[in-house]
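# Report on the structure
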Amino acid sequence: MGVQVEESKIGAMIEKAKFYTSLCLGTTAILAVFGFLFLIPFVVEPAISTILADFSPHAVACVTTDHVYAEGLKNCSWASCREGCTSAALRCHQIRVNYTKLPFEEAKSLGSVPWDVTDTKFFVNTEGCGYPPTVNCSAFAKQYKNTGNIFPCYYSRTYPETVVARYSWDQNLRHLVLALIVPIVLFAVTVGVLCYWYCPPIGKTCGGPGRNLIDKYARKEETLCCQSNSSVHHATSASLSLSVIPWLSVLAASWQRTSSRRTKRNTDCYRGHTPLRGSDAREKISEWLQRALPYKFNKRSSISAKGNPPRAE
């Protein structure tokens, strides 16, 4: 008796732990989905755009040619740096630069640098925006706003007019891989564990030990639905039979009469007889009926004789 009590307690504790573990796993799966949806516009899409832009792997030399500080939406049509990637900039720094495709160390040692692209837009990173403390637009403008200052930068080989101050292929690839793998792995693992616990295996029979008690029996709604469907089917078939059978009988009788008439007419014409018309036909039919049904006709004639006695002349 005591062993059974202990086993029941252990089973209850296991079921309780399984319930709370399932709750945590379901919450993790939901958070993984929402996290993935959140990372798409902020990490995945910028990383893919950076890969497609194909920035130079080594830093080149840039020099500032112009710096404008503007305020208002009308004046801030573009910005070299924005703190926040989802809102429009009301205050912006617009910096333009010249750059050469020579490496920065080699161009810095030259006295006169041949600039390959002039007066192009300069951005803080590949997105042109960011969030503190990673991106600080005031510090960025203070560092690059001085005209004639030569500094390292990275240009896009796909869009040569795009130049950025910060770029790292390894960091961009790492962010992309983490943003894709972590939510997907979490979702797959949690859903797989939940399916292993609660979904019945395919190989087990109906009502076996692997199925839940709810799945063994039909639900009330399903039973009522099946009953209503069967009653509707029987009522429909009965109504169809009641409506179709009389019409079929009428059609069969009319077809039989028509075919008998055609057969009689064809037989008479073949034997050279002229089909009877009018009173002759009625007399022949009455004679045939008297021979075929003598009892009914004799009874009818007797009744008519009782009901209508002959008149005295």
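Under an unreviewed UniProt entry, the protein has the name Protein tipE isoform X1 and belongs to Dinoponera quadriceps.

### Overview of the nonpolar core
In terms of nonpolar packing, the biggest core is built from 17 residues, with Tyr99, Phe122, Phe140, Tyr144, Phe151, Cys153 and Val163 touching the most fellow members. Those elements giving two or more residues to this core turn out to be strand 1 (60–71), strand 3 (91–103), helix 3 (137–144) and strand 6 (150–155). The contacts of Tyr144, once residues within four sequence positions are left out, are Thr64, Ile95, Phe122, Phe151 and Ala165. In terms of nonpolar packing, the next biggest core, distinct from the first, is built from eight residues, Ala53, Phe55, Ala59 and Tyr167 among them.

### Let's talk about the state of the cysteines
Joining two cysteines, a disulfide is a covalent bond between their sulfur atoms. This model, assessed by the stated rule, comprises four disulfides. Two residues share a disulfide in this structure: Cys62 and Cys153, whose sulfurs sit 1.6 Å from each other. What sets the handedness of the Cys62 and Cys153 disulfide is the S-S torsion sign, and at about 65° it is right-handed. A residue pair is termed long-range when its members are at least 10 positions apart, and Cys62 in strand 1 and Cys153 in strand 6 qualify at 91 residues.

### Remarks on the packing of aromatic side chains
Considering all chains together, one arrives at eleven aromatic pairs under this definition. Judged by centre distance (5.2 Å) and plane angle (55°), the ring pair of Phe122 and Phe151 falls under tilted. A residue pair is termed long-range when its members are at least 10 positions apart, and Phe122 in strand 4 (residues 117–123) and Phe151 in strand 6 qualify at 29 residues. Residue classification places Phe122 among the buried residues on the basis of a relative accessible area of 0%. For the ring pair Tyr144 and Phe151, a centre distance of 4.7 Å and an interplane angle of 65° mean the geometry is edge-to-face. The exposure classification of Tyr144 matches that of Phe151, with both residues buried. An aromatic cluster of three or more residues is present, and its members are Phe122, Phe140, Tyr144 and Phe151.

Quick notes on the rules
Residues numbered from 1 in each chain as written. Predicted model: local features only at pLDDT ≥ 70, side-chain atom pairs only at ≥ 80, totals over all residues. Heavy atoms only, no water. Core = buried A, V, L, I, M, F, W, Y, C linked by side-chain atoms within 4.5 Å. Buried < 20%, exposed > 50% of the residue type's maximum accessible area, 1.4 Å probe, protein only. Helix = DSSP H or I, 4+ residues; strand = E, 2+ residues; numbered from the N terminus. Contact = heavy atoms within 4.5 Å. Disulfide = S-S within 2.5 Å. Phe/Tyr/Trp six-rings, centres within 6.5 Å; stacked < 30°, edge-to-face > 60°.

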